[in-house]
Amino acid sequence: MEQLFFILLALLTLSAALMVVTTRNLLHAAFWLILVFFGIAGFFILLHAEFLAVVQVLIYIGAISTLIIFAIMLTRRIMDPQQPRFNSQWGLVGGLAALLFVVLAAVTTRVAWPTTSATLPAEPIKQLGADFVGVYAVPFEVASVLLVVAMIGAIIIARERG
Amino acid sequence: MVPLTWYLVLAAALFAIGMFGVLARKNAVAVLMGVELMLNAVNINLLAFWRYTALGELVGHAFAVFVITVAAAEAAVGVALFIAVYRQRDTVNVEELDAMKG
Amino acid sequence: MHESSIPFIYNLTILVPVLPFLAFALIVLWANRNKKLSAGLAIGSIALSWLIGWAIAFTAFGAHEIAEHPFRMARAWLPASRAWQAFGFMVDPLSALMLLMVPFVCFLIFVYSYGYMGIGKPISAHDQRGWPATPGHVDPLASRFFAYIALFATGMIGLVLADNLIMLLIFWEIMGLCSYLLIGFWFARTYDDPKKITPKEAGLKAFLTTRIGDTLMLAGILLLFAQIGSLSFNDIFRPETLEHLATATTHLPLVGPVPWATLIAILIFCGAIGKSAQFPLHVWLPDAMEGPTPVSALIHAATMVSAGVYLIIRTFPLMAAVEHGPALQFIAFIGAFTALFSATIAVAQNDIKKVLAYSTVSQLGFMFAALGIGAYIAATFHLLTHSFFKALLFLGSGSVIHGMEHGHHEGEQETSRRGDKETRKQGDKEVSGGGHHLSTHHLSTDLPAFDPQDMRNMGGLFRRMPRTAWTFIIGGMALAGFPIVTAGFWSKDEILADAWVHGHTVIFVTLAVAALLTAFYTARQIVMTFFGAPRTPAAEHASEHDSIFTWMTIPLMALSVFAIGFGWVGIPTTFPVLGQWSSNPFHHLMGSLAEALHIEAAELPFAATPLLTSVVVALGGLLLGWLTYRRVAQIGQRIGDPTWSPLQMPDPLARPLGRVYTVLQNKYYFDEFYGRVFIKGVQRLANWLFHFDDAWVIDPIVDGVGRLWRRLSEWGHVFDERIVDGIVNGIGAVTAAVGSALRFIQTGRAQNYLLVGLAAASVLLGVFLVLPK
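Residues numbered from 1 in each chain as written. Chains lettered and ligands numbered in written order. Predicted model: local features only at pLDDT ≥ 70, side-chain atom pairs only at ≥ 80, totals over all residues. Heavy atoms only, no water.

### Side note on the pattern of salt bridges
Pairing of side chains with opposite charge becomes possible as their charged atoms draw close. Residues and elements named next belong to chain C. Inspection of the entire model under this criterion finds 10 salt bridges over all chains. In this structure, the salt-bridge partner of Arg-211 is Glu-173, at a minimum N-O distance of 2.9 Å. Here Arg-211, found in helix α6 (residues 199-228), pairs with Glu-173, found in helix α5 (residues 165-183); they are 38 residues apart in sequence, far enough to count as distant. (Salt bridge = Lys/Arg side-chain N within 4 Å of Asp/Glu carboxyl O. Helix = DSSP H or I, 4+ residues; strand = E, 2+ residues; numbered from the N terminus.)

### Some remarks on the interface of chain C and chain A
It is common to report an interface's size as the accessible area lost on association of the parts. Listed as interface residues are 15 residues of chain C and, on the opposing side, 16 residues of chain A. Buried area between chain C and chain A, summed over both chains or domains, comes out near 1,400 Å², and the portion from carbon and sulfur atoms is 75%. At the boundary of chain C and chain A, one finds 0 salt bridges. Viewed at the interface, chain A and chain C are joined by 0 residue pairs in polar contact (both at pLDDT 80 or more). When contributions to the side of chain C that touches chain A are tallied by element, the ones reaching two or more residues are α30 (718-743) and α31 (750-770) of chain C. (Contact = heavy atoms within 4.5 Å. Buried area = accessible area lost by both parts, 1.4 Å probe. Polar contact = N/O pair within 3.5 Å; in protein donor to acceptor, adjacent residues only side chain to side chain.)

### A few points about the interface of chain B and chain A
Between chain B and chain A, the contact holds 71 residues from the first and 82 residues from the second. Taken together, both faces of the contact between chain B and chain A bury some 6,900 Å²; the carbon and sulfur share is 79%. Considering only the side of chain B, the residues that lose the most area to chain A are Phe20(B), Arg25(B) and Met33(B), jointly responsible for 10% of the buried surface there. In this structure, the connection of chain B to chain A is made through 0 salt bridges. At the junction of chain B and chain A, the tally comes to 5 residue pairs in polar contact (both at pLDDT 80 or more). Those elements giving two or more residues to the side of chain B that touches chain A turn out to be α1 (4-24), α2 (28-53) and α3 (59-89) of chain B. Of the residues forming the side of chain B that touches chain A, the biggest block, 22 residues, is contributed by α3(B). When its residues are assigned to classes, the side of chain B that touches chain A shows 54 nonpolar, 10 polar and 7 charged. (Nonpolar A, V, L, I, M, F, W, Y, C, P; charged D, E, K, R; others polar.)

### Digging into the pairing of strand β3 (residues 249-252) of chain C
All names here are of chain C. Both β3 and strand β4 (residues 256-259) contribute to a ladder of 4 bridges, which runs antiparallel. If you follow Thr-250 over to β4, its bridge partner there is Val-258. Linkage of β3 to β4, two consecutive antiparallel strands, is achieved through a turn of 3 residues, within which Leu-254 is found at a positive phi near 75 degrees. (Pairing = 2+ DSSP bridges.)

Written as structure tokens, this is what we have:
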């Protein structure tokens, strides 16, 4: 049952992803991207990472997709749907991307990955919160500084200079 | 239960598709979407490995959260850059952005 | 060592590198509009670092167990495979000695920069960003300069305190970045002579050249990590680890089985070759002199370039893991060769800073040669003394150049005052127009523009700039190894003695000849710069009365004390007469570290031959130089003659040496050689690939295939035709894509570059798949 669900979700996500990179109309591509993000949130639930599934929906769909749609709208005037979608190297890229997939898949299926017998912590979200102010305190602070810097940087870059 | 390799193959496929988007699309916003796909593929990998090999500690979660943070920062800066470039060069076609040309 | 017995001062170790970093951050984020405040922040932070550094160093000198049990402060930081990499600092005798030198020299050079950059002077409205300022004005980007050098100080101090190779690499690269930024500090500057390298190009050249070494070094570090699973010095230097590395071998194609230790040592040494500008990667250092002079003194003489030597000293147990192995022989060979090779180039250079640059390369070669023959302590000693006197010489040369610029400025004004009205108008305009192109309009136009760094334009500065001259001469004597008095003598003598006593005759002779040449070109430089009569109006009007020279000459005096006195801490106890008063604290200290690391470093028995040799080559070289260039110094009577320029006068060596002199003057044509072979080579290859693709091979094949398919498909059904055509078009499109990617290897498009990365990653993964386990 779980496997069937996985296959269906994978088909949905991958075909949506293919639409993202091939659709001529960018706005449509952005909507396909949202579908991909939902699919991935579904995988997170399958993986028992419910918290991250919520984060995925909030950040990717709530924030990043919106941002991308904004960017598309703001540059609308020059987004001529008649223009070619791809640059001149797309054929080669397609071949190489397929090759990369084959090679990656071959590598991952051949390695005997170790498995664990540990069980999920009782309250994973609580544990995660504690970890962020404990073990991962420094990376966590660095990440927050990074976000602030990125935000300030984005404002300065995009600001109208007059 | 779904085997680990299924997730890995799925992530590989998503990564390759994203890669294709990054390398083959003309529009800078479309390139950014490709990058998002690639980052998501990485997140699937991180969580799958966590689920199957390190369930006891939440290291996979923590990494995924950091990846999402970086993705958010990257998207914000990326979009700001498009707007700046668009304003200056009146284009978001990556083929025309070749200031690095030697 | 128990927790309680650790002196409190060690806990402040982390502040030494962090304080300049704070200054950097504050300047960049907040203080950059106020030049005085920026400079003050940088100087204040480094002064604190210096005080704490000395407190730590002197505490460490007094502690006996510091070699056996170095002080460590570490925090788990980066998870890598099974172990965490630590973000850690340590204090042992070697890092304590470096702490004695690095923050102190940094502090003096920061103070000097205060004057050099003209802080406190008015801003000239005509100065552009990225150009040197007009004499008497502040550099428009002075805040940025202080931010960069503060960051650099963080890098160098962090490097000497790092307790593992990852940290060392991080600080190493911070310094590389600062070096690049500071060489290109005057990024907008261009020269009339198109052959002369601009600061921007010089910065790129330095960065890319050192990158070759750094990449190999990174490979070495990764191999080391793969072998032993840790990069902490503590783990690497365990006897059983070294034993394992020396005995386990790997099979190299063409070479055969090689111990891991040898391979890793040579790869790490490649990083040192790049950073310390050894042959064949020496080409970047002389061009790095395009940066401001304090930068040349700090980065390209005293600290960063000696980081390569420090790296080899630090990892010496690894280098020496295979006894008398090829790694050490390689180091000795490269070092000795570079020492002689660049000393010969220095003899024929006319730019005051270029001479010092080649001399630095040569002295670093001395240190590597010393390390290669196992003279661990002598190399450390020479590293420290050289830092003091070479910083002194560079700062002195900066003072000379500033003095010459001031003199040129004055001379211009005087000429225009004396000349007729027409000329005065033009002259005033020229002077007030400021500039970088204060052209020599009063000389005839076919003469090259005035170069304040050319020693042929100087002469007679001794009377005009006495403080600079005295300190410069002290530095020069230390470089030449003037017997007994100077620091350079003691350290150089110890290297020569080590080579002699351990029977490395070839190295001994090479280094002795290099030392002779060193003394010779030092004498040449001093005589041409300071003695005789001035040869240009600029030299005639040069002075050190301006207020900036107060800031600039005090560090010179402080450094000259060390250029003499620092040698006395390493006088061998076996030395005749003087030895009985010497306890040789330097040898004691480094000896304790050597003992802890199981390096053989006993004090040498006294030998007369090397001592006599070093006395003779030092005095002989100085005498020869003086005799040869004494006459040049006398020329100077023809200043008024507008058709005469000192640049026309031949060097006294040019005639007797003939062709050889030209070769030396052109630095053995290394730049031209690299330009032809590597840069042109890559361009040729690209061109060839294009032809290969477009005209000769691939296109005809594709065309042929296409034609064949088309003929076949004509016979088929409509459905068939479509499929076949699709394939043909697909092949065509792929080929076209390959063609366009190859045709424009330098497209400037990020997507093309990423494509190469994708292809490489796919292929590497594929290889990994195919390779047998």
